[in-house]
Amino acid sequence: MRDMTTGNPYTHLIKYALPLLLGNWLQLAYNAIDSIIAGRFIGPEALAAEGIAGPVMNLVILGVSGMCIGSSVLMSEAFGAKDFDRFKSTLATTLSLGVISAIIISTLGFSFSSLITTLLKVPSQIKEITTKYLAITFLGTPFTFIYNTLAAGLKSAGDSKTPLKFLAFSAILNALLDIIFIGFLGFGIICSATTTVVAEAVSALLAIYQVVIKEKAICPSKESFRYDKDRLKKIFSYGAPAALQQAIQPICKVLIQGQVNLLGVDSIAAYNAVTKVDDFACIPEQGIGAAISTYTAQNRGAKKKERLFIGLKAGIALELCYGAIIMVVSYLLRKPIISLFVSNTDSGNVVTIGAIYLSYMAFFYILPGLTNGLQGFFRGMGKMKLSVVNTFIQASIRTLMSFILTPIYGIKAIAISCAIGWTVMLVFMIIKCYFLCKKENLS
């Protein structure tokens, strides 16, 4: 565990953020491996099907696990104040609320997968396999929520290394199962979805073992699971805006996916490949934002206001460094990266289309780094509704511009729309951050 209320803020953020970055990369790696193996051993149709299902599952998973983000702020505040009873109660209430919600969503998603693919206007040649893949991956929702909630508890106590170990094990397991059952034995897309669910279940079981057996100081007792109206209301007031914020981006991607679907299977496959690169670029930036959030919330809980602005500056510096690196790497290696997702015989226009799209996106990756850093600060300060407004501005502008520009400019219009949305959001956030720091007398 890591107490961020004392010591060098730069050291705390770097040591906390690095495991988050590695963990995010590992999680993205086994998602990318699914797509690479599907594209190479099953075909472009499977790659396109997984690309269509991805935003839908992200909508579900991020929407539900957004409650974890809200409760993690409360747990970080409790940890900073050394109030472990409040910490345990918050964790127990989040688990109870979330698992029930996840089971309901999993059941509905499995039952209505065909309707979802119909509404998304999935091309007829890949509609059946997309529906099957989507239905099975919905079954993993409860496992994902359990892992995210317990991982949030560990991270709120400053332990970002243990969740990394669980993700590493799950990523290796998922990759091995994919290689064996799809690469060697020739099973189809149903197997790809099943191995993903198995990996999610294993990570949930490992997290349960860690909290119950190893970390008794934060493990909820039976008394922690008692109904507490005030605690539930507090979690909901923080978690609901966070869940809404998390859900906005996938909704945006689902709407944009509808525009991409009109461009044909090759464009769908290329877009899916580049969105994996987008994830590698942007989700670790969210990890740095999470480090800023935990640091800020712990120091707020400890009433150490003088440390808040220093942490924000350190976090933004990390975001800038990471954004510059990922921009250079993704631009220079754009063609080799896209080539990973398709075999030479099936590549067609996929590599060409994907490389064009990625050449635009590479130059824009630094923008979400800055916005995620400021979002983390707002969350740590308890300004959950402000984070929702920021995300809504970005997503709505991005979606609107993609609807306007894609019929004219094709796949590259998606990248331009992203840049426009991120820029408007960043300007708005800088103004809000200035007035918030002035109001709280932070400098």
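The structure this text deals with has already been given above.
Residues numbered from 1 in each chain as written. Predicted model: local features only at pLDDT ≥ 70, side-chain atom pairs only at ≥ 80, totals over all residues. Heavy atoms only, no water.

Peer 1: Please explain the packing of aromatic side chains as it appears in this structure.
Peer 2: Given two aromatic rings, one states the distance between the centres and the angle between the planes to describe the pair. For the structure on display, the rule yields five aromatic pairs. Measuring from ring centre to ring centre gives 5.9 Å for Phe79 and Phe84, while their planes differ by 85 degrees; the resulting arrangement is edge-to-face. For Phe79, a relative accessible area of 6% gives the class buried. Given the relative accessible area of 30%, Phe84 is considered partly exposed. A ring pair is formed by Tyr434 and Phe435, whose centres lie 5.3 Å apart and whose planes are at 80 degrees; its orientation type is edge-to-face. Of the residues examined, Tyr434 reaches a relative accessible area of 52% and is grouped as exposed. Just above the ring of Phe79 sits the side chain of Lys82; from NZ or CZ to the centre is 5.9 Å. Between the NZ or CZ atom of Arg334 and the centre of the ring of Tyr331, over which it lies, the distance is 4.3 Å. (Phe/Tyr/Trp six-rings, centres within 6.5 Å; stacked < 30°, edge-to-face > 60°. Buried < 20%, exposed > 50% of the residue type's maximum accessible area, 1.4 Å probe, protein only. Lys NZ or Arg CZ within 6 Å of the ring centre and 35° of its normal.)

Peer 1: Mind showing me how you'd approach the environment of Lys439 here?
Peer 2: For Lys439, the position within the fold is in helix 16 (residues 412–439). We classify Lys439 as exposed; its relative accessible area is 66%. (Helix = DSSP H or I, 4+ residues; strand = E, 2+ residues; numbered from the N terminus.)

Peer 1: Help me understand the side chain of Thr130, please; the structure alone is not making it clear to me.
Peer 2: Locating Thr130 in the fold gives a position in helix 5 (residues 124–138). Assessed through its relative accessible area of 1%, Thr130 is described here as buried. Setting aside residues no more than four positions away along its own chain, Thr130 makes contact with Ala49, Ile52, Thr117 and Val122. (Contact = heavy atoms within 4.5 Å.)

Peer 1: Help me understand the packing of helix 10 (residues 265–301) against helix 13 (residues 350–361), please; the structure alone is not making it clear to me.
Peer 2: Helix-helix packing: each pair is described by the crossing angle between the helix axes and the interaxial distance. Contact geometry for helix 10 and helix 13: axes closest at 8 Å, N-to-C directions at 40 degrees. Judged on the interaxial angle alone, helix 13 and helix 10 are oblique. Note on packing geometry: the crossing formed by helix 10 with helix 13 is right-handed. Each of Asp266, Ser267, Ala269, Ala270, Tyr271, Val274, Val277 and Asp278 in helix 10 lies in contact with helix 13, whose residues at this interface are Val350, Ile353, Gly354, Tyr357, Leu358 and Met361. For the contact of helix 10 with helix 13, a count of residues per class yields ten nonpolar, two polar and two charged. (Axes fitted to C-alpha atoms, helices over the stretch in contact; angles between N-to-C directions. Parallel < 35°, antiparallel > 145°, perpendicular 65-115°, else oblique. Left-handed = near helix turned anticlockwise from the far one by under 90°. Nonpolar A, V, L, I, M, F, W, Y, C, P; charged D, E, K, R; others polar.)

Peer 1: Explain helix 5 to me, please; I cannot follow it from the model alone.
Peer 2: An α-helix turns once every 3.6 residues. As a result, residues three or four positions apart point the same way. For helix 5, with 15 residues, the first-to-last C-alpha span of 22 Å sits near the 21 Å given by 1.5 Å per residue. For helix 5, the full list of buried residues reads Ile126, Thr130, Thr131, Tyr133, Leu134, Ala135, Ile136, Thr137 and Phe138. (Expected span 1.5 Å × (residues − 1).)

Peer 1: Which parts of the structure should I look at to understand unusual backbone geometry?
Peer 2: Excluding glycine, residues mostly have negative phi values, and the peptide bonds linking residues are mostly trans. Unusually for a residue other than glycine, Lys303 sits at a positive phi of about 60 degrees. You can see Lys303 is positioned in the loop between helix 10 and helix 11 (308–332). The class of Lys303 is exposed, set by a relative accessible area of 74%.

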